[in-house]
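Letter by letter, the chains look like this.
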Amino acid sequence: MSESLALGGVNEYFYGITFGKYDFVIEFFSSSMAVASGLVQKLTTKIGKHLKRKKVELCISLVFGVDVLSRNSNCTDSIYDKVRAYVFFQPKEGDLSKIVQTVDRISEDTRVHAQFDWTNSIYKLLVISSPCYEGVVEVLETFRSAMQGIYKTTSTCVALDFKEELDDGYDTPSDLHKHRQKFAIVYIRRQKSGKLILPKTGVLKYFRDKSESKSTDAMICRLGGYDNVLILKRKRLGNIIKTVDRLRTRNVERISHTATILLYEW
Amino acid sequence: MSYAAKVSMWESVRRLWTRFYGLAEDLRLLKDRWMYHARDLEPALPRINSTFETLEKAIMKIDRDFLRLFNFVRGIPIYPINLDGFRIDEPAQYLELEESVSNLEAYTGLLKLAFQQRTVSLEIPKITSGYPHSPERTVGNELVYIGADNVTMTFADTITHPSGILQSQWDGFVTFVPPITDELRYGAFCKKGPYGSYHIYMPEGAKYSITSYLLIAHEVGHISLLKPGRNKWHLRNEYENSKRILIKEVSRKIANVKSLNPQYCGECGFDFVNMVEDNSSLQNQIDEAFADIIGVRIGGIKTLEALLDSIPLSETPEHKSLSTKSFEIIMRANIVYKYVSTHHDRYGDLAFLRKRLTSLGEILKRYSQTKICLSCAKIYGKEIGEAILALEKENTGLFASFVDPKKEFAINSEEETRIICSLKDCIPCQHENICHILHCWMLASQKAKEHKERPSYPATLHSLAYNTSTRLRSIKENRSVDSIE
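Along every chain, residues carry numbers that run from 1 in the direction the sequence is written. Numbering of ligands from 1 and lettering of chains from A proceed in the order in which they are written. Local features in a predicted model are, by the rule used here, given only for residues with pLDDT of at least 70; side-chain atom pairs are given and counted only at 80 or more, and totals for whole chains, interfaces and linings are based on all residues. As a rule here, side-chain values cover all heavy atoms of the structure and leave hydrogens and water aside.

Concerning the overall build of chain B
Rules: By definition, any uninterrupted DSSP run of H or I lasting at least four residues is a helix, any uninterrupted run of E lasting at least two residues is a strand, and each is numbered from the N terminus. Residue exposure (1.4 Å probe, protein chains only): buried if accessible area is under 20% of the type maximum, exposed if over 50%, otherwise partly exposed. Whether two residues are in contact is decided by their heavy atoms: any pair within 4.5 Å suffices. The Shrake-Rupley method, run with a 1.4 Å probe, gives the accessible areas here. Residue values count only the displayed protein chains as cover.
Looking only at helices and strands, chain B features 18 helices and seven strands. Out of the 485 residues in chain B, the part that is buried amounts to 54%. In chain B, 76% of the contacts between residues at least 6 apart in sequence involve partners at least 24 apart. Summing over all exposed atoms, chain B offers an accessible surface of approximately 22,600 Å²; the carbon and sulfur share of this is 52%.

Remarks on the overall build of chain A
When helices and strands are counted, chain A shows six helices and 11 strands. A total of 266 residues make up chain A; the buried ones form 48% of that total. Considering only intrachain contacts with a sequence separation of at least 6, the fraction spanning at least 24 residues in chain A is 73%. Put simply, chain A shows about 13,500 Å² of open surface, and 51% of that area lies on carbon and sulfur atoms.

Quick look at the interface of chain A and chain B
The following threshold applies: Summed over both partners, the accessible area lost on bringing two parts together, with a 1.4 Å probe, is the buried area. Any carboxyl oxygen of Asp or Glu that lies within 4 Å of a side-chain nitrogen of Lys or Arg is treated as forming a salt bridge with it. As used in this structure description, the phrase polar contact means that two N or O atoms lie within 3.5 Å; if the pair is within protein, one of them must be able to donate a hydrogen and the other to accept it, and residues adjacent in sequence are counted only when both atoms belong to side chains.
Contacts between chain A and chain B engage 35 residues on the former and 33 residues on the latter. Across the chain A to chain B interface the summed buried area is about 2,900 Å²; carbon plus sulfur atoms make up 61%. One can count zero salt bridges joining chain A with chain B. Linking chain A with chain B are 10 residue pairs in polar contact (both at pLDDT 80 or more).

Examining the side chain of T460 of chain B
Residues and elements named next belong to chain B. With respect to the element layout, T460 can be found in helix α17 (residues 457–465). Note on T460: relative accessible area 0%, which makes it buried. What T460 contacts, discounting residues up to four positions off in sequence, is I210, L423, I437, W441 and P455.

Some remarks on the pairing of strand β6 (residues 124–130) of chain A
Residues and elements named next belong to chain A. Keep this limit in mind: Two strands pair under a simple rule: DSSP has to find at least two bridges between them.
Taken across its seven residues, β6 has seven buried, putting it largely inside the fold. Of the two faces of β6, both are covered, the one formed by K124, L126, I128 and S130 as well as the one formed by L125, V127 and S129. Pairing of strand β4 (residues 83–91) with β6, which is carried by seven bridges, proceeds in the antiparallel orientation. Residue V87 lies in a different strand from β6, and its bridge partner there is L126.

Brief notes about the pattern of salt bridges
Residues and elements named next belong to chain B. This structure, assessed with the given rule, holds 17 salt bridges over all chains. K31 is paired through a salt bridge with E56; the nearest N and O atoms lie 3.0 Å apart. One end of the pair, K31, is in helix α1 (residues 3–41); the other, E56, is in helix α2 (residues 49–67), with 25 residues separating them in the sequence. Since its relative accessible area comes to 32%, E56 is described here as partly exposed. With its nearest N and O atoms 2.9 Å apart, the salt bridge here joins R356 to D309. Note that R356 is positioned in helix α13 (residues 351–366) and D309 in helix α10 (residues 302–309), a separation of 47 residues in sequence. A relative accessible area of 40% means that D309 is categorised as partly exposed. Bridged by salt links that share partners, the residues E288, D292 and R332 form one connected network.

Structural notes on the packing of aromatic side chains
Each aromatic ring pair is described using two quantities: the centre-to-centre distance and the angle formed by the ring planes. In plain terms, the rule: The rule is short: rings of Phe, Tyr and Trp, with Trp giving its six-membered ring, pair when the centres are within 6.5 Å, and they are stacked under 30 degrees, edge-to-face over 60, tilted in between. Two conditions define a charge sitting above a ring: the NZ of Lys or the CZ of Arg must be within 6 Å of the ring centre, and it must be within 35 degrees of the ring normal.
According to the stated counting rule, one finds 15 aromatic pairs over all chains in the structure shown. Ring geometry for F24 of chain A and F162 of chain A: centres 5.8 Å apart, planes at 20 degrees, overall stacked. Here the residue F24 of chain A occupies a position in strand β2 (residues 24–28), and F162 of chain A occupies one in the loop between β7 (151–161) and β8 (182–190), the gap between them amounting to 138 residues. For F24 of chain A, a relative accessible area of 40% puts it in the partly exposed group. Consider the rings of W441 of chain B and Y457 of chain B, whose centres lie 6.4 Å apart with planes at 65 degrees: the pair is edge-to-face. With a gap of 16 residues between them, W441 of chain B in helix α16 (residues 434–447) and Y457 of chain B in helix α17 connect regions that are remote in the sequence. The class for W441 of chain B is buried, based on a relative accessible area of 6%. Through pairs of rings, three or more aromatic residues link up here, namely F89, F116, F143 and Y151 of chain A. Its end group placed over the ring of F14 of chain A, R84 of chain A keeps NZ or CZ at 5.3 Å from the ring centre.

A few points about the sheet that holds β8 of chain A
Residues and elements named next belong to chain A. We count it as follows: Orientation is described by axes fitted as lines to C-alpha atoms, over the contacting stretch for helices, and by angles from 0 to 180 degrees between their N-to-C directions.
The strand order across the open sheet formed by four strands is β9-β10-β8-β11, and the pairing between neighbours is antiparallel. Each of the sheet's edge strands pairs with one partner strand only, and the pair in question is β9 (203–207) and β11 (255–262). Averaged over all neighbouring strand pairs, the angle between strand axes comes to 20 degrees, with direction disregarded. Relative to β11, helix α6 (residues 237–250) is tilted by about 165 degrees, and along the sheet it contacts β8, β10 (228–234) and β11.

What about α2 of chain B?
Two residues of an α-helix separated by three or four positions point the same way, owing to the 3.6 residues in each turn. Residue and element names in this part refer to chain B. Our working rule: What a helix is expected to span follows from its residue count: subtract one and scale by 1.5 Å. What the arc measures is the spread of directions leading from the helix axis to the C-beta atoms.
In this model, α2 (19 residues) spans 26 Å end to end at C-alpha, consistent with the 27 Å of a helix rising 1.5 Å per residue. Those residues of α2 that fall on the buried side of the exposure criterion are T51, F52, L55, A58, I59, I62, D65 and F66. Summarising the axial view, the buried residues of α2 lie within an arc of 135 degrees, below the 170-degree limit, and thus occupy one face.

So, the side chain of E432 of chain B
In this structure, E432 of chain B sits in the loop between α15 (413–424) and α16. Once residues lying within four places of it in the same chain are set aside, the contact partners of E432 of chain B are R418, I419, I437, N467 and S469 of chain B.

Some thoughts on the nonpolar core
The condition that has to hold: The definition of a nonpolar core used throughout is a set of buried Ala, Val, Leu, Ile, Met, Phe, Trp, Tyr and Cys residues joined through side-chain atoms within 4.5 Å.
Formed by 169 residues in total, the largest nonpolar core has its most connected members in I128 of chain A together with F66, L111, F155 and Y213 of chain B. Apart from the residues within four sequence positions on either side, L111 of chain B is in contact with L27, L30, W34, I48, F52, L55 and F173 of chain B. Among the nonpolar cores identified, the runner-up in size contains 10 residues, and Y15, F28, A36 and I47 of chain A belong to it.

The analysis is restricted to geometry; functional conclusions fall outside its scope.
The following block contains the structure:
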């Protein structure tokens, strides 16, 4: 992946694994939207070809963000932070200055990098980056309480740096933030019935369904979009990702896909 | 009509009815979804109650037309034992019905496209649980659509019309459609919707160019020249009378050009006399020129410059000939230039426009298969422009009957400097008049020698989409009151 990005002309970038239904996020900087668009075209073709060989379909979504009015215009340093959150929010009014001021103030107070980006969509983008998840959550909480009544809806995607192999050094708490236990809900969609092989550590609770004990198609027993639910309790975000990865590799035949939701409060 | 022909016609009408039935169902579903999502996505998805009401009326009317033709059982037309009740005697009746259904079908397509384009961002709150369904490469471009809607609303508000153009004619949203032919690749277009409404659409590629929004002024100019009739559209009386006089005057003048004007080259193959004799061509030219003049009066001189910018750059001398549309634009620009140069105190500095027209004239010279040479294009523009000026002199209220003099475009240098500075510094200026923002965007872009000097795209688009100027606020308030009523 890193090779593809470098060959595509992207030098400064963040490549992360995400929680949710999307698997990866790639963030890079470009002075021109036209150039960025061309790079995305190249990357999509390369990654698409790579994944096709593994019989995986590619499904991308793209956001162009422009830094407007912010004092944090030099943000390339922040892409070396391990944890990033992309907060999409729909403001009720078009006054950007208040949002920018709030974001700048929060960033200063918490000493966590947060940047407001303008997009063509009705949703605006806030990018938070920190060495640990606790820092991201702190900014997110402060931002949400400060902006109460100013935005209509919001949605957040958390990503963990994945340039190299995940290890315990990722998502390390700093002097500013206390390390806490993290919880995640993993929704599993089955493609075949049969018993799932669960990871040995980190599983707090597992909700099974009837399809596990029957030899029928999983779809027959399904009420909603997913079949099973798993609650994980781990110390680091990297551990959660590893646990989910282990679950999927051990049950390649049985699991169609998973969606992981990080719990906001604990 | 023979019995066999009548049976065949019955079958055709039944097939048409099936098509219409599906279409009516589609529209009802679309209306429900539109109104439901409008709560969260307004103004990206505007509340267009009156448009849906109009569509329902159109459906009811077509339904009644079908109803009197068939014997129905449980909503399905049954095959008649004798065809006495089937009252289509001529194919023309069928064709009329088919046209109504086709119009409704085309309009439904535009509505569906608008809905799909404007709801792309609904995916965003579902990033943790859903696949992207968007065919757009970016997550959403709603600000572009809101900006275009606001621009149209402001331009339309400038028009004086007995029935109020916003309420009765423009349907309330702008769509960006993939161009089918080269002719539809540039500019803006207006299309007659069902039951006397008008829809403005632009080519997909134009949505990222703020300059192209100025072209909406020309389309609003077209709509202003028409008024709704009972069954079909009629030209506004005052305009119709003016046009009759104008055509007579232009015909008389141009007929003399060949013998009187020494500048007429007589070699370029453009036949003035033929053009005058071909009444529809001249009428069309005058319609377009009038719409241009109204466009300039509501959007400023930059609307004309934007029109000239829409001449495709790919039409280089290698292509040998310019398209007919580009020719028409150059000729029309000469007419409007004659008109505005007389009122230059109102429209400000015309040096840039003059330079642009000359350079386009030079391009014109290079084409071997051109229909008109530069000197003849100038004569053409001068003659029609002068005729319009003479008419305006006689009838001082001519343009006042179309454009509200109080809302006509006017900007002073102080306002210009303020807006340009703000846009260059990347600071949105939502409280400024939309016409002024567009004018300043184009002016600053033209003057910029380096990329750094250009006005900021995000700041400009944001100022258009989230505009809070007193003028737009009052238009929106009036509009929401009308939709409640």
